[in-house]
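# Topology and contacts: notes
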Amino acid sequence: MTRSKEFDEREVLLKAMYLFWEKGYEKTSLQDLVTHMGIHRRSLYDTFGDKHSLFIKTLELYEKHKTAAIQAEVSRGRSAKQAIRLIFDLLIEVNDDRPLGCLFVNSATELALRDPEVREITNEGFNNSEKVLVELIQKGQQSGEIPIDKDAKILAASLQTTLIGLRVLVRTTTDKKRLHQIADTSIAMLDA
């Protein structure tokens, strides 16, 4: 007779995601995970596999959360530029108990050079965010809000680069005014 799980798989996966996000892959030990997730080591292996498999699952969960958060901000925007501004504000104005920065940026800088699976997942996440920006810029061009003579893909790539940089800076500074000034300068390139 098999035992039923005594924990919510999604809940403990979320706990693991936050721990990896805060400490990084290398600095998170298996014992850290077991303690933080509140499950037995055997349950961790049986449910998620090894540490690396668990980490990959947390990256996939993070992508879902990130995509949902960005889409929520986009849907709040009354215009393309306002939606882009809301995406920047989402990264700068962190007001909950999440770790600072971005799990994808942290993971890409820590592991992507030597872990093809992490590189693929983080690149896909960055590309998905950039596609949202391309779509918003094209929408703004169709409405006349953003000049049509500007290349939407180049603008989106530039905005994405700024967003990635801001994801790093939110870990190192509490000067939100400065972060908003950086965002303003980047968004200003969308003007005529």
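Each remark here, short or long, concerns the structure printed above.
Conventions adopted
Residues numbered from 1 in each chain as written. Predicted model: local features only at pLDDT ≥ 70, side-chain atom pairs only at ≥ 80, totals over all residues. Heavy atoms only, no water. Axes fitted to C-alpha atoms, helices over the stretch in contact; angles between N-to-C directions. Helix = DSSP H or I, 4+ residues; strand = E, 2+ residues; numbered from the N terminus. Parallel < 35°, antiparallel > 145°, perpendicular 65-115°, else oblique. Contact = heavy atoms within 4.5 Å. Nonpolar A, V, L, I, M, F, W, Y, C, P; charged D, E, K, R; others polar. Salt bridge = Lys/Arg side-chain N within 4 Å of Asp/Glu carboxyl O. Buried < 20%, exposed > 50% of the residue type's maximum accessible area, 1.4 Å probe, protein only.

Pairs of packed helices are described in terms of their axes, by the angle between the two and the distance that separates them. Interaxial distance between helix α4 (residues 51-76) and helix α7 (residues 116-143) falls to 10 Å at its minimum, and their mutual angle equals 5°. Comparing the axis directions of α4 and α7 gives the class roughly parallel. Here H52, F55, I56, L59, E60, E63, K66, I70, Q71 and V74 of α4 lie close against α7, whose contacting residues are E117, V118, I121, G125, N128, S129, V132 and L136. The class makeup of the residues in the contact of α4 with α7 is nine nonpolar, five polar and four charged.

This part takes up the pattern of salt bridges. Counted by the stated rule, this structure contains ten salt bridges. Notably, a salt bridge pairs K66 with E63, separated by 3.2 Å at the nearest N-O pair. Of the two residues, K66 and E63 are both situated in helix α4; the distance of three residues between them amounts to about one turn of the helix. Judged by relative accessible area, E63 falls into the buried class, the value being 15%. The partner of K176 in a salt bridge is E93, and the shortest N-O contact between them spans 3.5 Å. In this pair, K176 is assigned in helix α9 (residues 176-188) and E93 in the loop between α5 (80-92) and α6 (103-111), connecting sequence segments 83 residues apart. With relative accessibility at 32%, the residue E93 sits in the partly exposed group. Within this structure, R85, D89 and D184 form a network of salt bridges that share partners.

It is worth stressing that arrangement in space is one thing and function is another; only the former is reported here.
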